[in-house]
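# Descriptive analysis of the structure
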Amino acid sequence: MPQNYKFCFGPWNISEGWDPYGPTTRPPQTFDWKLGELKKLGFDAMMFHDDDAVPDIDSKSESQIRKETRELKKKLDGEGIAAEMVAPRLWFSPNTIDGAYTSNNPKHRQYAIDRSLRTIDIAKILGTDLIVLWLAREGTYVRESKNPRRSVDLLVEAMDKMLAHDKRIRLAIEPKPNEPMDHAYVPTIGHALAIAQLTQDSKRVGALIESAHCILAGLDPSDEIAFAMSFDKLWSLHLNDQNGLKYDQDKPFGSTNLRSAFDQVRVMEQNKYGRNGEYVCFDVHPFRTTKPEHWLAHLDNSRRTFLKLVQKARTYNESKAKQMIAERNYQALDQYVIEHLLGK
Ligand code: GLO
Ligand code: MG
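A brief look at the structure comes next. Per-chain numbering applies: the sequence of each chain, read as written, is numbered from 1 onward. The order in which chains are written sets their letters, starting at A; the order in which ligands are written sets their numbers, starting at 1. Side-chain atom pairs in this predicted model are given and counted only at pLDDT of 80 or more, local residue features only at pLDDT of at least 70, and totals for whole chains, interfaces and linings cover all residues. To get the side-chain values, take all heavy atoms of the structure and skip hydrogens and water.

### Some words on the environment of Phe-231
Strands here mean DSSP runs of E at least two residues long; helices mean DSSP runs of H or I at least four residues long; both are numbered from the N terminus. On the secondary structure map, Phe-231 appears in the loop between α8 (221–230) and β9 (234–239). Spatially, the C-alpha atom of Phe-231 lies 29 Å from that of Thr-256, the residues being 25 residues apart in sequence.

In structure tokens form, the structure reads like this:
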């Protein structure tokens, strides 16, 4: 059965061009503008950080947070746009300088947990059961500054508190090996699924794979996708691209390595990604050089590339490939893939 995919992105994916060496290159836009553009592009859902949903969340009361979230939900319903997930942004606050759940300061660890529980309340109002945990600062710059064994215990403890707070939510861990940290505690999908097993309700702890993060870990994104899907644990995907081991680039999907992008789509097709309602999300950023009038191109292009690769996956000659595999003629298989991607 042909599969229809649902697409989403987050407000941060319409970024303004800031980098560590220079200021923004595009003027800021309002959330409402971003939502309107998402709809115009024909995407189905939006991803949220807790403070994308409720700006300045730390300065607001519980009731104010609920009120603003309900208003947002109304706005999303009005536009026919779903909230795919909510993620606690645990890397901006002065309370998360030394990490969040694994900070050496117990008050700061408590801050991280309180904020995560609030994120769950927001998700509930927005009508999603998916909480994404990108563990941005859970790691070290100086190895001896934290006890890695204790850090695993602290991560599990924090996840257990989230699972107990609401029995219906699911946690999707988004692994990344480095940046901002030198070394992160949960660098790969294997680590994410292993740590899930230590929680009180491991069935509700799964993963989100980002292509660029796999590449930064020196791994193949399509193998990582297949690995997570073998466990029925791939609950979201951040497709993008990355040119080797350098800063996190979040390039348009397929921009660097079209063959790797094809392999990712093929593995998704083979394993029926999306059959339980999972979304295809593009965690991509415009190049700093992008003019405001071309601001959405990286998102539209990522989806166009994705859909073209779906066609390539569906027209891939499986029986021809099978024959080459049976003959162990991988040389021919390699060339077949190249020519298939190049087209006639
Ligand atoms: C950064 C991550 C980040 C997360 C987002 C959702 O490298 O990819 O963009 O996906 O904050 O938690
Ligand atoms: Mg991401």
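### What to know about the coordination of the magnesium ion (ligand 2)
Because water is not among the atoms used, a metal site may look incomplete, as its donors are only the N, O and S atoms within 2.8 Å, or 3.2 Å for Na, K and Ca. Coordination sphere of the magnesium ion (ligand 2), protein contribution only: Glu-174 (OE), Glu-210 (OE), His-238 (ND1) and Asp-283 (OD), at 2.0 to 2.3 Å. Geometry is assigned from donor-metal-donor angles: four donors are tetrahedral when every angle falls between 85 and 135 degrees, four are square planar and six octahedral when opposite donors sit over 155 degrees apart with all other angles between 65 and 115, and any other arrangement is irregular. Each of the six donor atoms around the magnesium ion (ligand 2) contributes to a set of angles spanning 80 to 172 degrees, which defines the coordination as octahedral. Within one chain, the residues serving as donors to the magnesium ion (ligand 2) are arranged as E-x35-E-x27-H-x44-D. Taken together, the residues Glu-210 in strand β8 (residues 205–210) and His-238 in strand β9 connect sequence positions 28 residues apart. When its relative accessible area of 1% is taken as the criterion, His-238 is described as buried. Buried, partly exposed and exposed residues are distinguished by accessible area as a fraction of the type maximum, computed with a 1.4 Å probe on protein chains only: under 20%, between the cut-offs, and over 50%, respectively.

### Topic: the pairing of strand β2 (residues 45–49)
When you tally the buried positions in β2, you get five out of five residues, the bulk of the element. A pair of strands counts as paired when DSSP detects no fewer than two bridges linking them. In the sheet, strand β1 (residues 7–9) pairs with β2 via two bridges, with the strands oriented parallel. Its bridge partner lying in β2, Phe-9 is registered against Met-46. Convention used here: a crossover is right-handed provided that the path from the first strand, over the helix, to the second strand proceeds clockwise when the strands point away from the viewer. Viewed along the sheet, the connection from β1 through helix α1 (residues 31–40) into β2 turns out right-handed. Where β2 and strand β3 (residues 82–87) come together, five bridges link them in parallel fashion.

### A word on the packing of aromatic side chains
Here a pair means two rings of Phe, Tyr or Trp (six-membered ring of Trp) with centres within 6.5 Å. Their orientation is stacked below 30 degrees between planes, edge-to-face above 60, and tilted elsewhere. Applying the stated criterion across every chain, the model contains 15 aromatic pairs. Seen in terms of ring centroids, Phe-31 and Phe-48 are 5.9 Å apart; in terms of plane orientation they differ by 40 degrees. Their pairing is tilted. Taken together, the residues span a long stretch of sequence, with Phe-31 in helix α1 and Phe-48 in strand β2 at a distance of 17 residues. For Phe-48, a relative accessible area of 0% puts it in the buried group. With a centroid separation of 5.9 Å and 45 degrees between ring planes, the pair formed by Phe-262 and Tyr-316 is classed as tilted. Of this pair, Phe-262 sits in helix α9 (residues 258–270) while Tyr-316 sits in the loop between α10 (297–315) and α11 (318–326), and the two are 54 residues apart along the sequence. Side by side, Phe-262 and Tyr-316 carry an identical accessibility label, which is buried. One aromatic cluster is present, built from ring pairs that chain together Tyr-5, Phe-7, Phe-9, Phe-43, Phe-253, Phe-282 and Phe-306. Ring-over charges, as used throughout, are those where CZ of Arg or NZ of Lys falls within 6 Å of the ring centre and within 35 degrees of the ring normal. Across the ring face of Phe-92, the terminal group of Arg-89 is positioned such that the distance to the ring centre comes to 4.9 Å. The lysine or arginine in question, Arg-170, covers the ring of Trp-235, its NZ or CZ lying 4.9 Å from the ring centre.

By themselves, these observations are geometric and do not establish any function.
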